[in-house]
Amino acid sequence: MDQALDTLENITYDELQEGDTASFSRTLTEDELVLFAAVSGDVNPVHLDPDFAADSMFKERIAHGMWSGSLISAALATVLPGPGTVYLEQSLNFRRPVKLDDTLTVTLTVLSKMPKQRVLMGCKVRNQAGEEVVNGEAKVIAPKEKLSLPKPVLPKITIEY
């Protein structure tokens, strides 16, 4: 397997430049939707009940808004700045619903560097059609030291109904 896929490497505060960008993508599966509900406790029927959702303004089940937000967190923690990043603040504007099988791509942009290793990041999330589903800004503490770590292997999770 390609070592780059098995390694997480950060970009330190000193290495970051305004305008730097990076992206992270993930597809919303049925399992991800159900697991997010189970972990978060958000069991709103618009996410889980097809009949209820059919009568909603969306006409079908949609993802939890914070699932999209969690992808921003994942991008900050694993890509830019990466391991060692401390998340301080996040603003989110939910622009359109995310549906099952949508593939979201988070694009992070370094907007500004501030004292004490603080960095303001622009955050845009688009679906596979290029439509913006979420935007906002995050403030983080960028890592001071360079890190290159093996990507953790997560356990396989099965869902029983």
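Residues numbered from 1 in each chain as written. Predicted model: local features only at pLDDT ≥ 70, side-chain atom pairs only at ≥ 80, totals over all residues. Heavy atoms only, no water.

Regarding the overall build of the protein chain
Scanning the protein chain from N- to C-terminus turns up four helices and seven strands. When the helices and strands of the protein chain are listed from N to C terminus, the series reads β-β-α-α-α-α-β-β-β-β-β. Along the three orthogonal principal directions, the C-alpha set of the protein chain runs to about 50 × 35 × 30 Å. Relative to its 161 residues, the protein chain shows a buried fraction of 34%. Long-range contacts, defined as pairs at least 24 residues apart, comprise 69% of the intrachain contacts of the protein chain with a sequence gap of at least 6. Taken as a whole, the protein chain presents about 9500 Å² of accessible surface, with 54% of it coming from carbon and sulfur. Positive and negative side-chain charges in the protein chain, numbering 16 and 23 respectively, have mean positions lying 7 Å apart. (Helix = DSSP H or I, 4+ residues; strand = E, 2+ residues; numbered from the N terminus. Buried < 20%, exposed > 50% of the residue type's maximum accessible area, 1.4 Å probe, protein only. Contact = heavy atoms within 4.5 Å. Areas by Shrake-Rupley, 256 points an atom, 1.4 Å probe, with all protein chains shown as cover. Lys, Arg positive; Asp, Glu negative; His and termini not counted. Charge placed at Lys NZ, Arg CZ, Asp CG, Glu CD.)

Remarks on the side chain of His-64
Tracing the sequence through the fold places His-64 in the loop between α3 (50-54) and α4 (65-78). Setting aside anything within four residues of it in sequence, one finds His-64 in contact with Leu-33, Phe-36, Ala-37, Asp-42 and His-47.

Focus on the layout of surface pockets
Space inside the largest pocket adds up to approximately 610 Å³. Around the largest pocket sit 18 residues that line it, and Arg-26, Glu-32, Trp-67, Leu-71 and Leu-154 are the ones nearest its centre. Residue assignment for the lining of the largest pocket shows that the elements contributing at least two residues are β2 (21-27), α1 (30-40) and α4. Here the lining of the largest pocket gets six residues from one element, more than from any other, and that element is α4. (1 Å grid on protein atoms, 1.4 Å probe; cavity = no way out; pocket = protein on both sides within 12 Å on 5 of 7 lines; lining within 4 Å. Points joined across faces, edges and corners; volume = space filled by probe spheres on them.)

Considerations on the packing of aromatic side chains
Note on aromatic pairs: each is described by the distance of the centres and the angle between the planes. Per the stated rule, a full pass over the model turns up zero aromatic pairs. Here Lys-113 stacks its cationic end above the ring of Tyr-13, 4.4 Å away from the centre of that ring. (Phe/Tyr/Trp six-rings, centres within 6.5 Å; stacked < 30°, edge-to-face > 60°. Lys NZ or Arg CZ within 6 Å of the ring centre and 35° of its normal.)

Remarks on the pairing of strand β6 (residues 132-141)
Across the ten residues that make up β6, a large majority, eight, are buried. Note: strand β3 (residues 86-94) against β6, eight bridges, orientation antiparallel. Within β6, the residue paired with Glu-89 across the bridge is Lys-139. Bridge count for strand β5 (residues 118-126) against β6 is nine bridges, and the pairing is antiparallel. Of the residues in β6, the one forming a bridge with Gly-122 is Glu-137. (Pairing = 2+ DSSP bridges.)

Examining α1
All of the buried residues in α1 are Glu-32, Leu-33, Val-34 and Ala-37. Buried residues along α1 sit against β2, α2 (45-48) and α4. Gly-41 sits one or two residues past α1 and shows a positive phi near 85°.

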